[in-house]
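The primary structure of each chain is shown beneath.
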Amino acid sequence: MSRVADRRHRAARPRAARPSTPPALNSAAQHVLREMELWWPAFAGGALTPDAGDAPPLRPGERFAVELPAVRTAGLGLPVTSGALCATDCRAIITTEWSRSQREWAHQDLCGVDALGNWGGVALTRAGGDTELIVSAAPEPPTWHDATAWLKVEAAFAAATGRLDDWMGRLPQRLALAAEA
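Quick look at the structure, then. (Residues numbered from 1 in each chain as written. Predicted model: local features only at pLDDT ≥ 70, side-chain atom pairs only at ≥ 80, totals over all residues. Heavy atoms only, no water.)

### Description of unusual backbone geometry
Logical step 1: At Leu76, a position not held by glycine, the phi torsion is positive, near 60°.
Logical step 2: One can find Leu76 in the loop between strand S1 (64-75) and strand S2 (78-88).
Logical step 3: One non-glycine residue, Trp119, lies in the positive phi region at around 60°.
Logical step 4: Within the secondary structure layout, Trp119 lies in the loop between strand S5 (110-115) and strand S6 (121-126).
Logical step 5: You can call Trp119 buried: its relative accessible area is 11%. (Helix = DSSP H or I, 4+ residues; strand = E, 2+ residues; numbered from the N terminus. Buried < 20%, exposed > 50% of the residue type's maximum accessible area, 1.4 Å probe, protein only.)

In structure tokens, the structure reads:
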């Protein structure tokens, strides 16, 4: 084969994508990433179920994401609500200890669900900018385990908007930035 033909042959071959260099993560961030990577396929496949029997029943086609046992809500001039948070790919629900729904947010009514920078909760944002907070009711500061739970709430919203794969792809960089802070 001539040099010109050899160059054309090499140019015609698809190039392997360069692997992106994963960011350096501390051990806690690595733990969060591993837990999220294990959770992701089970959630995407609808294989997760609530641990406790006090979660609200799932609607047909709805996928359970995570349950946080002790949370409070605040915002929009509404009274503070306390209970357990159940997040799915369709909604977030605060229930009382008797499994009654106290408050519910359909993901289709929200334009953002974002974990707070201190990993102590999430901010729910409506299209007009109105925001409500759901935060941990625990007195101790949030741990990386708490961060994982709140990230699952945020990921459930990403799934509702068809962005879960992209969201998971950006998670390592986000954890690296958070670990530096």
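### Let's talk about the packing of helix H3 (residues 144-160) against helix H4 (residues 164-180)
Logical step 1: Between H3 and H4, the shortest axis-to-axis distance is 10 Å and the interhelical angle comes to 150°. Taken together, the axes of H3 and H4 lie roughly antiparallel to each other. Once H3 is placed against H4, the crossing between them reads as right-handed. Residues Trp144, Leu151, Glu154, Ala155, Ala158 and Ala159 of H3 lie in contact with H4, whose contacting residues are Leu164, Trp167, Leu171, Arg174, Leu175 and Ala178.
Logical step 2: Of the residues that constitute the contact of H3 with H4, the class distribution is 10 nonpolar, no polar and 2 charged. (Axes fitted to C-alpha atoms, helices over the stretch in contact; angles between N-to-C directions. Parallel < 35°, antiparallel > 145°, perpendicular 65-115°, else oblique. Left-handed = near helix turned anticlockwise from the far one by under 90°. Contact = heavy atoms within 4.5 Å. Nonpolar A, V, L, I, M, F, W, Y, C, P; charged D, E, K, R; others polar.)

### With respect to the pattern of salt bridges
Logical step 1: A full pass over the atoms with the stated rule returns 9 salt bridges.
Logical step 2: Put simply, Glu104 and Arg91 hold a salt bridge, and the shortest N to O gap is 3.4 Å. In this pair, Glu104 sits in strand S4 (residues 101-106) while Arg91 sits in strand S3 (residues 91-95), placing the two residues 13 residues apart along the sequence.
Logical step 3: In this structure Arg91 comes out as buried when scored by relative accessible area, which is 5%. (Salt bridge = Lys/Arg side-chain N within 4 Å of Asp/Glu carboxyl O.)

### A look at the packing of aromatic side chains
Logical step 1: Taken as a whole and assessed by the stated rule, the structure comprises 2 aromatic pairs.
Logical step 2: For the ring pair Trp39 and Phe43, a centre distance of 4.7 Å and an interplane angle of 10° mean the geometry is stacked. Here Trp39 pairs with Phe43, and both are found in helix H2 (residues 27-44), just 4 residues apart, close to one helical turn. For the pair Trp39 and Phe43, one class covers both residues: buried.
Logical step 3: Seen in terms of ring centroids, Trp119 and Trp144 are 6.1 Å apart; in terms of plane orientation they differ by 45°. Their pairing is tilted. Here Trp119 is found in the loop between S5 and S6, whereas its partner Trp144 is found in helix H3, with 25 residues between them in sequence.
Logical step 4: Just above the ring of Phe43 sits the side chain of Arg63; from NZ or CZ to the centre is 4.8 Å. (Phe/Tyr/Trp six-rings, centres within 6.5 Å; stacked < 30°, edge-to-face > 60°. Lys NZ or Arg CZ within 6 Å of the ring centre and 35° of its normal.)

### Things to note about H2
Logical step 1: For H2, with 18 residues, the first-to-last C-alpha span of 26 Å sits near the 26 Å given by 1.5 Å per residue.
Logical step 2: Summarising the contacts, the buried residues of H2 are in contact with S1, H3 and H4.
Logical step 3: The residue sitting at the N-terminus of H2 and contributing the capping side-chain oxygen is Asn26; that oxygen lies 3.1 Å from the backbone nitrogen of Ala28.
Logical step 4: Of the residues trailing H2, Gly46 is marked for its positive phi of about 75°. (Expected span 1.5 Å × (residues − 1). Polar contact = N/O pair within 3.5 Å; in protein donor to acceptor, adjacent residues only side chain to side chain.)

### Here we look at H3
Logical step 1: Relative to the 24 Å expected for 17 residues at 1.5 Å per residue, H3 spans 24 Å between its end C-alpha atoms, a close match to the ideal helical length.
Logical step 2: Extensive coverage of H3 is indicated by the burial of 13 of its 17 residues.
Logical step 3: Two residues or fewer after H3 comes Gly162, characterised by a positive phi angle close to 75°.

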